Amino acid sequence: MTEEELKLSYFKTEPIPASILERMEECRRKGMLVPDETLIKRPSQIAGIREASRINAAVLDEVAGKIHVGMTTQEIDDIVQEFTHAQGAICAPYQFEGFPKSVCTSINNEVCHGIPARHRKLHEGDIINVDATTIYKGYYGDASRMFMIGKCTDARRKLVEETKKCLEIGLEAAKPWNTVGDIGAAISKYARSKGYSVVRELGGHGVGVDFHEDPFVAHEARAHTGMVLVPGMVITIEPMINAGRAGVVIDPYNGWTIYTRDGSDSAQWEHTILITETGNEILSY
Ligand code: MF3
Ligand code: CO
Ligand code: CO
């Protein structure tokens, strides 16, 4: 077998169960957007993505145990890189489309894609998102968490907690034969009820054999729209929730970091999940 044939051999050795193919066909007949068969992960792939996601969660546990007031975001980058490499794994962000560091660290009004730096210290009262993506044996796991540095204002604490709730509400909607739009509809309804806004320019994504796969998972969407969720799909849910307005701007100097346009605070939590026959399984625990 050539390498290419080997890579695609799972199509034959691990076929999609007939019952799932039938249900997909039924969805197609109803005019729903149905995933390509390459987006339905097979048992051997799921095993690999599960391992990568477990290491990814351990990376964030390591950060959680060491993050403190006065630390620099470069030190977080060092921890992530060293721990990841000690597991025999790789940091996906490093040199991804030119990203210069191994992890994203986004503070306060930074929405995502903050770049670790020696001059950037964590101050008492800051909120920070640490977003790590791990590659292990070619498979990807992607997750992020918020950390509150020392004593934060009630407003910041509430934003962090309610954003975590947004992720949990998204997880409840991530059931087989729902659509990706159901996830964004549930999240945006809740966020708006709390007076927050949802970032629209960035979202969750398929993940596992590549960093970013289809579908795009909008966190503000209409129910019953977008791609249908099929058992075997692996996606992230990663709502970015702003305390103020939804608009964002990109850093003109580094071309990466996304900020809230109005300068308000933003929070984000992310998990990698597997759509199962009955609901979903969080892989990045
Ligand atoms: N981890 C981010 C996500 O959740 C992507 C970061 S891309 C990088 O999709 F290049 F900034 F690392
Ligand atoms: Co992601
Ligand atoms: Co991520």
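Below, the structure is looked at part by part. (Residues numbered from 1 in each chain as written. Chains lettered and ligands numbered in written order. Predicted model: local features only at pLDDT ≥ 70, side-chain atom pairs only at ≥ 80, totals over all residues. Heavy atoms only, no water.)

Before going further, it helps to examine the coordination of the cobalt ion (ligand 2). Listed as protein donors to the cobalt ion (ligand 2) are Asp142 (OD), His205 (NE2), Glu238 (OE) and Glu270 (OE); their distances from the metal cover 2.0 to 2.2 Å. For the cobalt ion (ligand 2), the six donor atoms in the first shell make angles of 51 to 160° at the metal, so the coordination geometry reads as irregular. Each donor residue of the cobalt ion (ligand 2) belongs to the same chain, and together they define the spacing D-x62-H-x32-E-x31-E. Between the cobalt ion (ligand 2) and the cobalt ion (ligand 3), the interatomic distance is 3.3 Å, and Asp142 donates to each metal, bridging them. Taken as a pair, His205 in strand E7 (residues 204–206) and Glu238 in the loop between strand E9 (234–237) and strand E10 (240–242) lie far apart in primary sequence, 33 residues in all. (Donors = N, O, S within 2.8 Å, 3.2 Å for Na, K, Ca; no water. Tetrahedral: all angles 85-135°; square planar, octahedral: opposite > 155°, others 65-115°. Helix = DSSP H or I, 4+ residues; strand = E, 2+ residues; numbered from the N terminus.)

Spatially, three strands are ordered E3-E12-E11 in an open sheet, and the strand pairing comes out antiparallel. The open sheet has two edge strands with one neighbour each: strand E3 (110–112) and strand E11 (248–250). On average, each strand axis in the sheet is inclined to that of its neighbour by 40°, with strand direction left out of account. Here E11 pairs with strand E12 (residues 258–260) via three bridges, running antiparallel. Residue pairing in the sheet places Val248 in a bridge with Thr260 of E12. (Pairing = 2+ DSSP bridges. Axes fitted to C-alpha atoms, helices over the stretch in contact; angles between N-to-C directions.)

This part covers the site of ligand 1. Not every one of the 14 residues close to ligand 1 is listed here, only the nearest: Asp142, His205, His212, Glu238 and Glu270. With respect to ligand 1, the side chain of Asp131 contributes an N or O atom lying 3.1 Å from a nitrogen atom. One of the side-chain N or O atoms of His212 is found 2.8 Å from an oxygen atom in ligand 1. Contact with the protein chains removes 96% of the 340 Å² of surface that ligand 1 exposes when unbound. More than half of the atoms of ligand 1 fall within 2 Å of the grid points belonging to the largest pocket. (Near = heavy atom within 4 Å. Polar contact = N/O pair within 3.5 Å; in protein donor to acceptor, adjacent residues only side chain to side chain. Areas by Shrake-Rupley, 256 points an atom, 1.4 Å probe, with all protein chains shown as cover. 1 Å grid on protein atoms, 1.4 Å probe; cavity = no way out; pocket = protein on both sides within 12 Å on 5 of 7 lines; lining within 4 Å. Sits in = over half its atoms within 2 Å of the grid points.)

Attention shifts here to the pairing of strand E4 (residues 127–136). Burial runs high along E4: 10 of the 10 residues are buried. Burial of the side chains of E4 extends over both faces: Ile127, Asn129, Asp131, Thr133 and Ile135 are buried on one face and Ile128, Val130, Ala132, Thr134 and Tyr136 on the other. Sheet topology note: the strand E1 (residues 90–91)/E4 ladder contains two bridges and is antiparallel. Looking at the pairing, Ile90 lines up with Ile135 of E4. Where strand E2 (residues 104–107) and E4 come together, four bridges link them in antiparallel fashion. Paired with Ile107 across the bridge in E4 is Ile128. Both E4 and strand E5 (residues 139–148) contribute to a ladder of 10 bridges, which runs antiparallel. Across the sheet, residue Thr133 finds its bridge partner in E5, namely Asp142. Linking two consecutive strands that pair antiparallel, namely E4 and E5, is a turn of two residues; a positive phi of about 50° is found at Lys137 within it. (Buried < 20%, exposed > 50% of the residue type's maximum accessible area, 1.4 Å probe, protein only.)

Before going further, it helps to examine the pattern of salt bridges. Opposite charge on two side chains permits them to pair, given that their charged atoms come into close proximity. Within this structure, the stated rule accounts for 10 salt bridges. A salt bridge links Glu51 to Lys137, with the nearest nitrogen and oxygen atoms 3.9 Å apart. Here Glu51, found in helix H4 (residues 43–66), pairs with Lys137, found in the loop between E4 and E5; they are 86 residues apart in sequence, far enough to count as distant. Residue class for Glu51 comes out partly exposed when judged on its relative accessible area of 37%. A residue is classified by how much of its surface remains accessible, and Lys137, at 62% relative accessible area, is exposed. Residue Arg156 is joined to Asp265 by a salt bridge in which the shortest nitrogen-to-oxygen separation is 2.9 Å. Of this pair, Arg156 sits in helix H6 (residues 154–173) while Asp265 sits in the loop between E12 and strand E13 (266–268); the two residues are 109 residues apart in sequence, bridging distant segments of the chain. Asp265 carries the same exposure label as Arg156, and that label is buried. (Salt bridge = Lys/Arg side-chain N within 4 Å of Asp/Glu carboxyl O.)

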